[in-house]
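# Survey of secondary and tertiary structure
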Amino acid sequence: MSCFHCGTPIPAGVRFSALVDQQERAMCCAGCAAVATSIVAAGLDTYYRDRTGFASPGGDAAVPEELRLYDDAAPAVAGAGCAEGVLTVEGVRCGACVWLIERHLARQAGVQQAVLNVATGRLNVRWDAARARLSDLLLALREIGYVAYPFDAGRHEEQLTRERRRSFRQLFIAGLSMMQVMMYAVPVYMADDGTMDASMEGLMEWASLFLTLPAVLYSARPFFSGAWASLKARMPGMDVPVALGIAAAFGGSLHATLTGSGDVYYDSVTMFIFLLLGSRHLELLARHRAARSLETLQRAQPASAMLVDDFPASREARLVGAGRLQAGDIILVRPGEAFAADAMLVEGDTRVDLSLLSGESDPQKAGAGDGVPGGAVNVAQAVFARVERPTGDSTLARLVQLVERAGLGKPAISQWADSVATWFVAALLVLTVVVFAAWQVVDPSRAWVVAVAVLVVSCPCALSLATPAALAAATESLQRRGVLIVRPHVLETLQRSTHIVFDKTGTLTEGRPVLTRVTELAGMQRFDCLRIAAALEAGSSHPLAAAIRNAAAHLPQDPAFEVRQFDGMGIEGVVGGVRYRIGSPAFAGGGMEEGIVLAGPQGPLAHFMVEDALRPGARELVERFAALGKQVVLLSGDAPAVAERVARELGIGTALGGQMPEQKLETVRALQGQGAVVAMVGDGVNDAAVLRAADVSFAMGSGTALAQLHADCVLLQGRIGLLGEAAGVASRTMTVVRQNLAWASLYNVVAIPAAAFGLLNPWMSGIGMSLSSAVVVVNAMRLRRGRK
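Let me begin by describing the structure that accompanies this report. Everything quoted here is computed from the prediction, not taken from an experiment. (Residues numbered from 1 in each chain as written. Predicted model: local features only at pLDDT ≥ 70, side-chain atom pairs only at ≥ 80, totals over all residues. Heavy atoms only, no water.)

### Section: the pairing of strand E27 (residues 678-682)
Of all the 5 residues making up E27, 5 are buried; the element is thus mostly covered by neighbouring parts of the structure. Where strand E18 (residues 499-502) and E27 come together, 4 bridges link them in parallel fashion. When the bridges of E27 are listed, His 499 appears paired with Val 678. Pairing between E27 and strand E28 (residues 696-700): 4 bridges, direction parallel. Considered in E28, the bridge of Gly 682 is made with Ala 699. (Buried < 20%, exposed > 50% of the residue type's maximum accessible area, 1.4 Å probe, protein only. Helix = DSSP H or I, 4+ residues; strand = E, 2+ residues; numbered from the N terminus. Pairing = 2+ DSSP bridges.)

So, in structure tokens, the structure goes:
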């Protein structure tokens with residue numbers, strides 16, 4: 001007989017099957033049975049009806065056809081010859097799964113990076129497209145028992161729901177078995193004075209055996225499957241000692257029941273399974289809570305929009321897909337609907353809810369001429385708006401991309417914990433063998449019991465959970481407040497930073513400067529100076545450029561040609577056939593210390609003075625960092641006099657003005673060369689390089705997309721005080737991480753020797769191991785209730 005899936009002859013005595021087209025089909029191995037079941041579950045069972053032949057065991061055909069279909073979808077390009085993708089992985093239960101999946105994929109040919117976010121269950125993979133295909137990676141995961149597929153929001157939500165239900169069912173069955181077994185075990189313990197005859201005690205043991213079977217065969221299945229998968233991959237994981245402990249305790253009890261001699265530990269087995277499943281279920285719920293923020297953002301992206309074809313002549317709107325919107329399109333947004341793309345209101349006044357984007361709970365007023373980010377919800381009345389950017393480039397889409405990047409990689413302290421947990425498992429297995437051998441000499445009757453206690457009492461899971469659980473809780477807490485952590489090292493590095501470096505415009509100031517004075521320098525009329533300056537600044541995103549454009553909004557403007565932008569200095573271009581420059585006094589001339597200068601071929605033409613109010617809470621934030629012993633530095637492209645004045649107002653001791661982007665970069669690198677850990681806060685295009693170079697960086701949510709792209713963390717509301725809240729959470733998070741690591745380490749240092757010396761019974765070891773994991777998770781969840 002041949003395998004229904006691959007056509008390989010089925011060896012004698014092998015009995016695997018899968019239900020296909022309502023019939024049990026014979027399979028040659030567990031892998032083919034798992035793949036066939038997955039095909040049917042995914043609604044792809046027509047594959048078996050339409051295929052033209054079987055796959056052979058080698059070459060391309062070794063990859064099942066349904067997996068090779070994924071190769072047709074173009075993955076994201078990550079660089080020359082490289083591809084990357086985001087996968088959903090089913091069956092991720094704990095840190096052991098993360099450890100196994102990442103290391104197994106790292107062994108595959110062509111794989112450059114594999115990072116599994118334990119909170120969201122999403123796997124980010126980068127591979128060499130010439131050496132590997134997506135289907136190869138999916139097959140590699142199936143070989144160790146995990147089903148993976150390209151991320152799909154709807155299917156991912158269904159998978160999370162199935163995980164929660166399955167976890168609860170297994171926990172419920174284990175709890176029911178434990179309680180029933182205890183009902184039979186307690187009378188036996190109480191009758192240790194011989195008041196219970198042997199036949200009744202034997203009946204109790206057989207009843208306990210049958211009641212333990214559901215817990216071992218169903219509830220404990222994740223531990224056995226996880227252990228088997230890690231052993232197949234030749235990378236023993238944390239499920240191995242758990243599975244061995246359960247199997248040894250149950251096997252020894254079964255032998256004692258069948259032979260009628262020896263002690264039984266059915267109560268310890270069921271209690272251990274229940275308590276360990278309880279701690280893992282608690283961890284599962286914590287992970288799913290942390291993943292909900294991303295799911296909420298993805299569901300908030302509108303799938304459609306109401307497009308007005310001939311506005312304002314016609315106001316008839318038709319339904320189109322949001323992805324079809326282009327810049328310049330006019331859309332109708334009715335009350336209760338979300339803006340499908342970043343847009344500017346052209347007609348109507350309303351209020352918009354920005355809570356999903358920035359955490360701002362109060363709806364904001366918006367009228368004609370006001371910009372509204374994609375994803376904002378219209379809560380008042382219908383308005384017409386002009387699309388500024390396509391849906392894929394909207395504020396919400398960019399935010400989703402940032403959130404998707406969050407959780408990738410691991411901070412140093414987490415990598416240390418993973419490495420310790422890796423050798424911990426191997427050392428524990430060796431220690432168990434040594435302890436068993438030693439007790440065979442000391443007291444052979446207790447050797448089996450003590451070995452089981454050693455296996456059960458150890459808790460490598462607590463070591464692996466110590467950091468991810470705390471980071472997931474802290475990240476979720478900060479995101480609710482409007483702080484989006486993009487890279488994993490943010491909290492750890494911010495907590496140990498020594499220097500906080502601020503940009504000025506748009507960071508410590510509001511970023512909405514107002515033109516307060518125009519001084520003509522060469523007889524040119526004021527309105528001509530404004531008109532030329534506005535033409536040069538038309539394409540600039542700098543706040544100072546916006547101040548000039550706003551002041552000249554009522555004036556007719558000529559277009560500027562041959563425009564060149566000099567980062568941190570100014571702009572040069574041709575207006576009305578004449579070449580002009582506008583920017584800092586050092587760039588355009590004029591001899592002034594501050595302000596903006598417009599210059600023509602013959603020299604300076606006008607001097608513009610602008611003022612930018614300080615952000616609320618900026619001084620309090622500087623004082624807070626100073627109180628923590630951190631040195632605050634101000635780096636600004638503005639004139640030194642302006643930078644020093646702002647520094648005096650805020651109480652900043654070190655202020656450097658006239659800083660070009662390369663000079664800011666040199667300053668930060670010089671600090672790092674002296675041993676400083678630098679946190680950089682900026683918001684502009686010219687901050688991108690220094691943000692990337694800093695040890696940890698923060699971008700204002702109101703800043704440019706380029707600054708956000710290179711930052712490690714984004715302050716979504718544009719409130720500078722959020723940085724202080726992030727610093728407070730960082731301090732508490734690292735305290736919790738250290739507490740968790742200290743607890744997990746201390747527990748194992750005390751509990752394992754105690755079990756090895758025979759001081760702990762298996763049931764006591766089970767309680768200790770389960771409580772150790774639970775303590776770590778519960779301690780981390782305190783961060784979700786962080787102080788506002």
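Back to the write-up after that little detour.
### Quick look at the sheet that holds strand E21 (residues 570-575)
Across the sheet, 6 strands lie side by side as E19-E24-E23-E22-E21-E20; this open sheet has antiparallel pairing. Unpaired on one side and paired on the other, strand E19 (514-520) and strand E20 (560-566) mark the two borders of the sheet. Sheet twist, expressed as the mean angle between neighbouring strand axes with direction ignored, is 20 degrees. Pairing geometry for strand E23 (residues 596-600) and strand E24 (residues 603-611), over 5 bridges, is antiparallel. Bridging from a neighbouring strand, Ile 596 pairs with Phe 608 of E24. Contacting E19, E20, E21, strand E22 (578-583), E23 and E24, helix H18 (residues 526-536) runs over the sheet at an angle of about 110 degrees to E21. Lying on the sheet, helix H19 (residues 543-551) is in contact with E19, E22, E23 and E24; it crosses E19 at an angle near 75 degrees. (Axes fitted to C-alpha atoms, helices over the stretch in contact; angles between N-to-C directions. Contact = heavy atoms within 4.5 Å.)

### Section: helix H14 (residues 444-457)
Under the 1.5 Å per step criterion, the end-to-end length of H14 is 20 Å for 14 residues, consistent within 8% with the ideal 20 Å. For H14, a buried count of 10 out of 14 residues is recorded, marking the element as mostly surrounded by other parts of the structure. All of the buried residues along H14 are Ala 447, Val 449, Val 450, Ala 451, Val 452, Ala 453, Val 454, Leu 455, Val 456 and Val 457. (Expected span 1.5 Å × (residues − 1).)

### What about the packing of aromatic side chains?
Scanning the entire structure with this criterion turns up 7 aromatic pairs. Note on Phe 566 and Phe 587: the rings are 5.2 Å apart at their centroids and 45 degrees apart in plane angle, and the pair reads as tilted. Here Phe 566 is found in strand E20, whereas its partner Phe 587 is found in helix H20 (residues 585-588), with 21 residues between them in sequence. Both residues of the pair, Phe 566 and Phe 587, count as buried. The ring of Phe 566 has Arg 581 sitting right over it, with the charged end atom 5.5 Å from the ring centre. (Phe/Tyr/Trp six-rings, centres within 6.5 Å; stacked < 30°, edge-to-face > 60°. Lys NZ or Arg CZ within 6 Å of the ring centre and 35° of its normal.)

### Considering helix H22 (residues 640-650)
When H22 is considered as a whole, its buried residues turn out to be Val 642, Ala 643, Val 646, Ala 647 and Leu 650. An end-on view of H22 places all buried positions within 135 degrees of arc, on one side of the element. Each element contacted by the buried residues of H22 is listed here: helix H17 (504-508), helix H21 (618-627), strand E25 (631-635) and strand E26 (654-656). Positive phi shows up at Gly 651, right after H22, with a value of about 80 degrees. (Arc of directions from axis to C-beta.)

### Concerning the nonpolar core
Counting 45 residues, the largest nonpolar core has Phe 502, Phe 625, Leu 634, Ile 652, Val 681, Phe 698 and Leu 723 as the members making the most contacts within it. Top contributing element to this core by residue count: helix H26 (residues 721-756), with 9 residues. By size, the runner-up hydrophobic cluster in this structure holds 38 residues, among which are Leu 209, Leu 276, Phe 424 and Ala 453. (Core = buried A, V, L, I, M, F, W, Y, C linked by side-chain atoms within 4.5 Å.)

### Quick notes on the sheet that holds strand E13 (residues 364-366)
Across the sheet, 3 strands lie side by side as E13-E12-E15; this open sheet has antiparallel pairing. Strands with a single pairing partner mark the edges of an open sheet, and in this sheet they are E13 and strand E15 (377-378). Looking at chain direction, strand E12 (residues 350-353) and E13 are connected through 3 bridges and run antiparallel. Counted as the bridge partner of Val 352 is Gln 364 from E13.

### A look at the side chain of Asn 378
Tracing the sequence through the fold places Asn 378 in strand E15. Assessed through its relative accessible area of 0%, Asn 378 is described here as buried. Polar contacts involving the side chain of Asn 378 include one to the main-chain carbonyl oxygen of Val 333, which spans 3.0 Å. Setting aside chain neighbours within four positions, we find Asn 378 in contact with Val 333, Arg 334, Pro 335, Gly 336, Glu 337, Phe 339, Thr 350, Arg 351, Val 352 and Val 383. (Polar contact = N/O pair within 3.5 Å; in protein donor to acceptor, adjacent residues only side chain to side chain.)

### Focus on the packing of helix H8 (residues 221-232) against helix H9 (residues 239-259)
Relative orientation and spacing of two packed helices are given, respectively, by the angle between their axes and the distance between those axes. Axis separation between H8 and H9 bottoms out at 8 Å; the angle between their running directions is 125 degrees. The orientation of H8 relative to H9 falls into the category oblique. Note on packing geometry: the crossing formed by H8 with H9 is left-handed. Residues Pro 222, Phe 223, Phe 224, Gly 226, Ala 227, Ser 230 and Leu 231 of H8 lie in contact with H9, whose contacting residues are Asp 239, Val 240, Val 242, Ala 243, Ile 246 and Ala 247. Here the residues of the contact of H8 with H9 are counted per class, giving 10 nonpolar, 2 polar and 1 charged. (Parallel < 35°, antiparallel > 145°, perpendicular 65-115°, else oblique. Left-handed = near helix turned anticlockwise from the far one by under 90°. Nonpolar A, V, L, I, M, F, W, Y, C, P; charged D, E, K, R; others polar.)

### Description of unusual backbone geometry
The linkage connecting Phe 311 with the following residue, Pro 312, adopts the cis geometry, with an omega of 5 degrees. By the secondary structure assignment, Pro 312 is in the loop between strand E8 (304-308) and strand E9 (317-321). With phi around 50 degrees, Glu 562 is a residue other than glycine that occupies positive phi space. Position of Glu 562 relative to the elements: it lies in strand E20. By relative accessible area, which is 54% here, Glu 562 ends up exposed.

### Some words on the pattern of salt bridges
In total, this model carries 15 salt bridges according to the counting rule given. The salt bridge partner of Arg 531 is Asp 558, with a shortest N-O separation of 2.8 Å. Of the two residues, Arg 531 is situated in helix H18 and Asp 558 in the loop between H19 and E20; the sequence distance between them amounts to 27 residues. Judged by its relative accessible area of 38%, Asp 558 falls in the partly exposed class. Among the salt bridges present, the one from Arg 619 reaches Glu 623, with a minimum N-O distance of 3.3 Å. Residue Arg 619 and its partner Glu 623 are located together in helix H21, separated by 4 residues, close to a single helical turn. Among the residues examined, Arg 619 registers a relative accessible area of 35% and is labelled partly exposed. Residue classification places Glu 623 among the partly exposed positions, given a relative accessible area of 43%. Residues joined in a network through salt bridges with shared partners are Glu 562, Glu 572, Arg 579 and Arg 581. (Salt bridge = Lys/Arg side-chain N within 4 Å of Asp/Glu carboxyl O.)

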